[in-house]
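# Understanding the architecture of this molecule
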Amino acid sequence: MTAFRLAPDVAHAFPDTLIAVVTADELRGHEPWPGSAAALDELEQRLAAGAWAPADESDPRIEAWHTAYRAFGTNPRRIRPSVDALGRRMAKKGNLPRINPAVDTYNAVSVHHGLPAGAFDLDHVTGAVDIRYADGTEEFTPLGEPGTTENPKPGEVVYTDATGVLTRHWNHRDAHRTRVTEDSTRVAFVLETLQATRDGHLLKTAAEELTGLLSPHSTRTRTYHLSPEQPEVTV
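Here's what I pulled together on the structure shown here. If you're wondering where the values come from, they're calculated on a predicted model, not measured in any experiment. (Residues numbered from 1 in each chain as written. Predicted model: local features only at pLDDT ≥ 70, side-chain atom pairs only at ≥ 80, totals over all residues. Heavy atoms only, no water.)

For the rest of this paragraph, the subject is the overall build of the protein chain. Each helix and strand counted, the protein chain has 6 helices and 10 strands in total. Expected size for 235 residues packed as a compact globule is a radius of gyration near 18 Å; at 17 Å, the protein chain falls within 12% of this value. Projected onto the principal axes, the alpha-carbon positions of the protein chain cover approximately 45 × 40 × 40 Å. Of the contacts formed within the protein chain by residues at least 6 apart in sequence, a portion of 74% connects residues at least 24 apart. Taken as a whole, the protein chain presents about 10400 Å² of accessible surface, with 50% of it coming from carbon and sulfur. Here the protein chain holds 24 positive side-chain charges and 33 negative ones, and the gap between their average locations is 4 Å. (Helix = DSSP H or I, 4+ residues; strand = E, 2+ residues; numbered from the N terminus. Rg over C-alpha atoms; globule rule 2.2 N^0.38 Å. Contact = heavy atoms within 4.5 Å. Areas by Shrake-Rupley, 256 points an atom, 1.4 Å probe, with all protein chains shown as cover. Lys, Arg positive; Asp, Glu negative; His and termini not counted. Charge placed at Lys NZ, Arg CZ, Asp CG, Glu CD.)

Put into C-alpha cells, the structure is as follows:
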C-alpha cells in the first residue's frame, strides 16, 4: 500500500487543486493495446484534418499551470508543464511519441483533455508519495539520465518519496527510478488540475477514459482523488 499526500502549504497555495490517482494492478505491458493505439491515431488524424488542436498557453487550462509555475519560481516558458510541452510537440510534429503502451496511453489522455498526466511504477516507490515544496536538499535523477543527479530549488513543488524526488516542477519531468516500462505491473497514474471548480468535470472524464483504456490490460483499476479537503489517500 502506498499513501499519496498533498502537503498543507501546497494545498493552501493552490486551494482548487484536484488530483486523480488511477491505479492498475497486474498490468500487462508486453501485449498489444489496440484501444490506446486507436486513441492516439484518432487524435493525430483529427489534428491533421484541422478538426482539433492541443491546448496551448492561451488556453485557461495551460495558463493556470503557467501561473502556478511562476508562483513557485519556475519560468514556464523555459521549463514547461508536461501537458504544455507535450501539446507543443504534437502541434509541431503532428504526432505523439510512442514509448510503451502505458506511457502512450496517459500521454494520449493528457493531450486530449489538456491536463497534466504522469505515472509511477509503485514497485520502485519507497514509502509515501508527498506533493510538497522542496527544501533544496533532495536529489533527483531525471528520466533517461541515470547518471545525473539534480537538486530541486527550495520552494519548487515536487513529488517525493522516502528515497528522493519523483517529479520536478510539479509535473515537468519524471524520475528515472520510478519510470513506467513494459515490465511495470503495479502502476499509479496521476491526472491533475489546479482549477477543480472549473475543470473538475474534465478531470473526471479523463480519469474514466484512462481507466477504460487500462482495464483490458489489468486485473483491477481503481480511482482515488486528492484535494485540500481530502489530502491523503492510500492506494
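Okay, back to it.
So, on to the layout of surface pockets. Of the volumes computed, that of the largest pocket is approximately 750 Å³. Along its surface, the largest pocket is lined by 30 residues, and Tyr106, Asn107, Leu143, His172 and Asp174 are the ones closest to its centre. Those elements that place two or more of their residues in the lining of the largest pocket are α4 (82-93), α5 (101-113), β3 (117-121), β7 (173-174) and β8 (187-193). Here the lining of the largest pocket gets 5 residues from one element, more than from any other, and that element is α4. For the lining of the largest pocket, the residue count by class is 16 nonpolar, 8 polar and 6 charged. (1 Å grid on protein atoms, 1.4 Å probe; cavity = no way out; pocket = protein on both sides within 12 Å on 5 of 7 lines; lining within 4 Å. Points joined across faces, edges and corners; volume = space filled by probe spheres on them. Nonpolar A, V, L, I, M, F, W, Y, C, P; charged D, E, K, R; others polar.)

Okay, α5 next. Taking 1.5 Å of rise per residue, the 13 residues of α5 would be expected to cover 18 Å, and the 18 Å separating its terminal C-alpha atoms lies within 8% of that figure. With respect to burial, α5 is a largely interior element, 12 of its 13 residues being buried. At the C-terminal side of α5, Gly114 shows a positive phi close to 70°. (Expected span 1.5 Å × (residues − 1). Buried < 20%, exposed > 50% of the residue type's maximum accessible area, 1.4 Å probe, protein only.)

Moving on, we come to the packing of α5 against helix α6 (residues 196-214). Close contact between α5 and α6 brings their axes to 10 Å; oriented N to C, the two are set at 155°. Considering the angle they form, α5 stands roughly antiparallel to α6. The interaxial crossing formed by α5 with α6 has right-handed handedness. When α5 is examined against α6, the residues Thr105, Tyr106, Val109, His112 and His113 are found in contact with a partner set consisting of Leu202, Thr205, Ala206, Glu209, Leu210, Leu213 and Leu214. A class-by-class count of the residues in the contact of α5 with α6 yields 7 nonpolar, 4 polar and 1 charged. (Axes fitted to C-alpha atoms, helices over the stretch in contact; angles between N-to-C directions. Parallel < 35°, antiparallel > 145°, perpendicular 65-115°, else oblique. Left-handed = near helix turned anticlockwise from the far one by under 90°.)

Two modes of strand pairing occur in sheets, parallel and antiparallel, and in both the strands are linked by backbone hydrogen bonds. Reading across from one edge, β3-β8-β2-β9 is the order of the 4 strands in this open sheet, with antiparallel pairing throughout. The sheet is open, and its two borders are formed by β3 and β9 (220-226), each paired with just one other strand. For this sheet the average axis-to-axis angle between neighbouring strands, irrespective of direction, equals 20°. Sheet analysis places strand β2 (residues 18-25) next to β8, joined by 7 bridges and oriented antiparallel. Pairing of Thr23 across the sheet is with Ala188, part of β8. (Pairing = 2+ DSSP bridges.)

Before going further, it helps to examine the packing of aromatic side chains. Under the counting rule described, the total for this entry stands at 6 aromatic pairs. With 6.4 Å between their ring centres and 40° between their planes, Phe4 and Phe120 make a pair best called tilted. Highlighted residues: Phe4 in strand β1 (residues 3-6) and Phe120 in strand β3, separated in sequence by 116 residues. The buried category is assigned to Phe120, whose relative accessible area is 2%. Their ring planes at 75° and their centres at 5.4 Å tell us that Phe14 and Trp170 sit as a pair that is edge-to-face. Of this pair, Phe14 sits in the loop between α1 (8-13) and β2 while Trp170 sits in the loop between β6 (165-168) and β7; the two residues are 156 residues apart in sequence, bridging distant segments of the chain. Here Phe14 falls in the buried class, since its relative accessible area comes to 10%. (Phe/Tyr/Trp six-rings, centres within 6.5 Å; stacked < 30°, edge-to-face > 60°.)

Take Asp130: it is sitting in strand β4 (residues 129-133). Owing to a relative accessible area of 17%, Asp130 belongs among the buried residues under this scheme. Within polar-contact distance, the side chain of Asp130 engages the side chain of Arg5 at 2.6 Å. With residues up to four places along the chain from it excluded, the contact list for Asp130 reads Arg5, Val158, Tyr159 and Thr160. (Polar contact = N/O pair within 3.5 Å; in protein donor to acceptor, adjacent residues only side chain to side chain.)

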